[in-house]
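Each chain, letter by letter, is given below.
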Amino acid sequence: MIRAFHRWPGLLAIALVTALALSGAALSVFPAADHLTAPQAEARLTVAQLSERIQAIYPTVEQIRRAPSGRITAYWFDNDTPGAAVIDPATGAGAGSADPNPVERWLTNFHRSLLLGDGGRLVMAAGALAMLVLSVTGAALVARRAGGWRHWFAPLRGTVPGRLHVEIARIAVIGLVLSSVTALWMVAVTFELLPENAAMPDFPVEVSGETGAGIADMALIGTTPVASLRELSFPYPGDPTDVFTLKTDQGTGYLDQGTGALLAWADLSLWERISETIYMLHTGQGAATLGLVLGILALGVPLMGGTGVLIWLAGRRGRPRIRGNVAAGRAETIVLVGSEGGSTWSFAATLHAALTQAGQSVHVAPMSAFDPARYGYADRMIVLAATYGDGDAPASAKGFLDRLNALERAPDSPLAVLGFGDRSFPAYCAFAKAVAAAAQAKGWPDLMAMGMIDRQSPQEFARWGRDLGQALGIELDLIHRPVLPKTKMLTLISRSDYGAGVQAPTAILRFALPRVSPWQRLAGQGFARFNAGDLIGILPEGSPVPRLYSLASAHRDGFVEIVVKKHPGGLCSGQLTALEPGDTVTAFLRHNPDFHPRRDDAPLILIGAGTGIGPLAGFVRGNARQRPIHLFFGMRHPSSDFLYGEALRDWQSKGLLTRLITAVSREAQPQYVQDALRGDAAQVAQLIRDGARVMVCGGRDMAAGVADTLAEILAPAGLTPATLKAEGRYVEDVY
């Protein structure tokens, strides 16, 4: 529900909110510029002294005003001709024109009412309300994604638009709430929904009738500092019944022009002070620095609007139109989808097509539409569920668990649950696990054991499909074709071969950087910008399914490098390890920001085995700042598969690598990286206590063993790998 309240006001009001934000940001510059350019009064200057200086040059002065910026303006009549000037308080002389800035005046009218009067004010009020709704709901969504308000600034994972959207939001949200609330208050005052802040004292009934008292002799004017002046109005010439009107930060008073006596006074009320404070907070008048800060924060609105639209479009593209979707009441198989960004829907479409081709009648729907009463002919139900944030239900699964728990009895048709997630997240497939647990507690019969798909792997999905086919007694081949980014042809320029002596042929393949367009270079798209740890997708000949490999190089290195081990019967690995310089492959780039070293000086503990050394070597090669890096590397035998052996020794001599600890599994005393970690337990624990970040790359079994070993090492310090993962200090790239 919160997402809906956030999404639709944002999409419907994006142009209006952007206009409000940009015009407000532009207006925030004027108070600061006014404060910097306007001549300022000295600290002890009084209103009387200022008035005498101005009267000496402009004898017919009628009014003196001081703006919150400190700018002083005098108004007078000379031979029935009005005049005005910005005053230099040091001399009383004019220092500039008092005419309003036409650009500022136009922007103000645009910002308040789109130049359309009261109707425009109502439209802009709607924009301010939309901004408030977006800010409040956005804050709630950020807190949910981060795992609670205490983790507001926790490291983010996900797509670039998604992370940029949240990064800007969690910095700008306070300013946007403040701006929108104060805007709504000012609109309410304009339309008299709130009282005006105009508490004036009653005009005196009796005056002395005398004239000519000197301003310097008037006690109140003589003791009032210019710093608190707002306005001083002089009596009308020749009218003995008129008075001086003095307005200050404390209130408003009338003074007799003949005696200088204070005839009436009214302090500013609490309501007036609140209204003035709100005006100051919104406009920056009197708080130029705050105004600039709010203006800068407002610039985040168009960026959030643009990234929000990209996120929405990605979700729309990720939810394909499923042709031949049978009505719920006539389907043998019900497929329910829980998706956040939309990618899980593409897997549902693949499953729907395969089951339909196998002769099944299939209905696909969001998990939020779960209603067993509608599934009269269902023989089975399948749930495909992604996880949002820290184990929450994704957008299309809201209410599913509540509906399930509210049932008197579970459906009779057996259930299969498939979770989608990322093993580097602490809450890997947590929502799918919650669904499976709730179904088991309700007594819902199992069709098959729960499955999990890591990082949308087509290979894992195909394996799960074969298991599903066995459970259904049919042949089921799930060939998932994800929507791929634009591909490039990569040309191999060199290769280094390892592993022949241990029957594990492995190669470091180096490709030339492909040519990129000026737009890609400007936007940082594709191969125009990448880092070690990002992923390269290779499209092998004879298969539509790409294989992903971790990059061992960054764009600044001037080449694209990967490490590939030839697997028996492996289509892509076989083709890659057979390449010769000059040969080409079809590839695309996928950014993987979750597996990048942070831009700080905290030590790194890099742990990898076999081809997992690839991105870790890339991190060491790019360590220009020479941060402490401790690399644990597992291999079979140093004479055969010591990948990057010479390079690592060279990097160590140059200070790019602090320590290299190797583990060899095919020697007289076999050792794995877990054993190497135990042998260095004291220093590993100390490094982590001091803030080190752990990065693990390699096979899934190796990564699990490393996690168990680190749990043992860190237990005395009260730390766990799960705790470090929640802090973004333990990340994995496993396969």
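Now for a description of the structure that goes with this document. Fair warning: this is a prediction, and the values are worked out from it, not measured in the lab. (Residues numbered from 1 in each chain as written. Predicted model: local features only at pLDDT ≥ 70, side-chain atom pairs only at ≥ 80, totals over all residues. Heavy atoms only, no water.)

1. Side note on the sheet that holds strand β22 (residues 659–664)
Overall, parallel pairing links the five strands, which are arranged β22-β21-β20-β23-β24 in an open sheet. Since the sheet does not close on itself, it has two edges, and those belong to β22 and β24 (730–734), each with one partner. Sheet twist, expressed as the average angle between the axes of neighbouring strands with direction ignored, equals 10 degrees. (Pairing = 2+ DSSP bridges. Helix = DSSP H or I, 4+ residues; strand = E, 2+ residues; numbered from the N terminus. Axes fitted to C-alpha atoms, helices over the stretch in contact; angles between N-to-C directions.)

2. Observations regarding the pattern of salt bridges
Side chains bearing opposite charge may pair, as long as their charged atoms lie close to each other. Scanning all chains against the criterion turns up 23 salt bridges. Among the salt bridges present, the one from Asp680 reaches Arg659, with a minimum N-O distance of 2.5 Å. Here Arg659 lies in strand β22 and Asp680 lies in the loop between α21 (673–679) and α22 (681–689), a separation of 21 residues in the sequence. Look at Asp680 and you get buried, because its relative accessible area is 14%. Counted as one network, the salt bridges with shared partners bring together Arg510, Asp557, Glu561 and Arg621. (Salt bridge = Lys/Arg side-chain N within 4 Å of Asp/Glu carboxyl O. Buried < 20%, exposed > 50% of the residue type's maximum accessible area, 1.4 Å probe, protein only.)

3. A closer look at helix α23 (residues 700–714)
Compared with an ideal rise of 1.5 Å per residue, which puts 15 residues at 21 Å, α23 spans 21 Å between its outermost C-alpha atoms and is within 8% of the ideal. Next to the buried residues of α23 lie β20 (604–609), α21, α22, β23 (693–698), α24 (721–726) and β24. (Expected span 1.5 Å × (residues − 1). Contact = heavy atoms within 4.5 Å.)

4. Examining the packing of aromatic side chains
This structure, assessed with the given rule, holds 15 aromatic pairs. On the numbers, 4.1 Å between centres and 15 degrees between planes, the contact of Tyr58 with Trp76 is stacked. Of this pair, Tyr58 sits in the loop between α4 (47–57) and β1 (61–66) while Trp76 sits in strand β2 (residues 72–78); the two residues are 18 residues apart in sequence, bridging distant segments of the chain. Seen in terms of ring centroids, Phe461 and Trp464 are 6.0 Å apart; in terms of plane orientation they differ by 15 degrees. Their pairing is stacked. A residue pair is termed a helical-turn pair when its members lie 3 or 4 positions apart in one helix, as Phe461 and Trp464 do in helix α15 (residues 458–472) at three residues. Take Phe461 and Trp464: they sit in the same class, and that class is buried. By the ring-pair criterion, three or more aromatic residues cluster together here, those being Phe347, Phe420, Phe461 and Trp464. Over the aromatic face of Phe559 sits the side chain of Arg510, whose NZ or CZ is 3.7 Å from the ring centroid. (Phe/Tyr/Trp six-rings, centres within 6.5 Å; stacked < 30°, edge-to-face > 60°. Lys NZ or Arg CZ within 6 Å of the ring centre and 35° of its normal.)

5. Side note on the sheet that holds strand β6 (residues 243–248)
Across the sheet, eight strands lie side by side as β4-β3-β2-β1-β5-β6-β7-β8; this open sheet has antiparallel pairing. Pairing within the sheet leaves two strands with one partner each, and these edge strands are β4 (94–96) and β8 (262–267). Taking each pair of neighbouring strands and ignoring which way they run, the sheet shows an average axis angle of 20 degrees. As judged from the three bridges shared by β1 and strand β5 (residues 229–233), these two strands associate in the antiparallel manner. What sits directly across from Arg65, in β5, is Glu231.

6. With respect to the packing of helix α7 (residues 160–190) against helix α10 (residues 288–298)
Running from N to C, α7 and α10 point in directions that differ by 110 degrees, and their axes come no closer than 9 Å. In terms of orientation, α7 lies roughly perpendicular with respect to α10. Viewed along their axes, α7 and α10 form a crossing whose handedness is left-handed. Residues Ile171, Ala172, Gly175, Leu176, Leu178 and Ser179 of α7 pack against Leu294, Leu297 and Ala298 of α10. By residue class, the composition of the contact of α7 with α10 is seven nonpolar, two polar and no charged. (Parallel < 35°, antiparallel > 145°, perpendicular 65-115°, else oblique. Left-handed = near helix turned anticlockwise from the far one by under 90°. Nonpolar A, V, L, I, M, F, W, Y, C, P; charged D, E, K, R; others polar.)

7. A few points about the nonpolar core
Counting residues in each nonpolar core, the largest one holds 27 residues, and the members touching the most others are Leu606, Ile613, Leu616, Leu631 and Tyr644. Those elements that place two or more of their residues in this core are β20, α18 (613–621), β21 (629–635), α20 (645–653) and β23. By residue number, the principal contributor to this core is α18, which donates five residues. Setting aside chain neighbours within four positions, we find Leu606 in contact with Leu616, Phe619, Val620, Ile629, His630, Leu631, Phe632 and Met695. (Core = buried A, V, L, I, M, F, W, Y, C linked by side-chain atoms within 4.5 Å.)

8. Re helix α14 (residues 430–442)
Spanning 13 residues, α14 covers 18 Å between terminal C-alpha atoms, matching the ideal 18 Å at 1.5 Å per step. Buried residues belonging to α14 abut β11 (380–386), α13 (400–406) and β12 (415–421). A positive backbone phi angle near 85 degrees is found at Gly443, which sits one or two residues after α14.

9. Quick look at the pairing of β24
Burial of β24 is extensive: five of the five residues sit out of reach of the surface. Burial along β24 is two-sided: the face carrying Tyr730, Glu732 and Val734 and the face carrying Val731 and Asp733 are both buried. With five bridges connecting them, β23 and β24 associate as parallel partners. Residue pairing for β24: Met695 is matched across the bridge by Val731.

10. Looking at the side chain of Thr46
Within the element layout of this structure, Thr46 appears in the loop between α3 (29–37) and α4. Judged by relative accessible area, Thr46 falls into the buried class, the value being 14%. Not counting residues up to four positions away in its chain, the partners in contact with Thr46 are Ile221, Gly222, Thr224, Pro225 and Val226.

11. Considering the packing of α22 against α23
Between α22 and α23, the least distance of the axes is 9 Å, while the angle of their chain directions is 80 degrees. As summarised for this structure, α22 and α23 are arranged roughly perpendicular, according to the angle between their axes. Residues Ala681, Val684, Ala685 and Ile688 of α22 form the contact with α23, whose own contacting residues are Leu710, Ile713 and Leu714. In terms of residue class, the contact of α22 with α23 is built from seven nonpolar, no polar and no charged.

12. Considerations on the environment of Ile174
With respect to the helices and strands, the residue Ile174 is situated in helix α7. Taking the C-alpha atoms as reference points, Ile174 and Leu294, separated by 120 residues in sequence, lie 9.2 Å from one another.

13. Digging into the pairing of β1
Pairing between β1 and β2: five bridges, direction antiparallel. Bridge pairing in β2 links Arg65 to Thr73. Counted along the chain from β1 to the antiparallel partner β2, the turn is five residues long, and its residue Gly70 has a positive phi close to 100 degrees.

14. Focus: the environment of Ala126
Here Ala126 is to be found in helix α6 (residues 117–146). It is 40 Å that separates the C-alpha atoms of Ala126 and Phe347, two residues lying 221 residues apart in sequence.

15. Points about the state of the cysteines
On inspection of all chains with the given rule, the structure shows zero disulfides. Cys429 takes part in no disulfide bond, and the closest cysteine sulfur, belonging to Cys697, lies 20 Å away. With no disulfide of its own, Cys697 lies closest to Cys572 among cysteine sulfurs, the gap being 16 Å. Of the residues examined, Cys697 reaches a relative accessible area of 1% and is grouped as buried. (Disulfide = S-S within 2.5 Å.)

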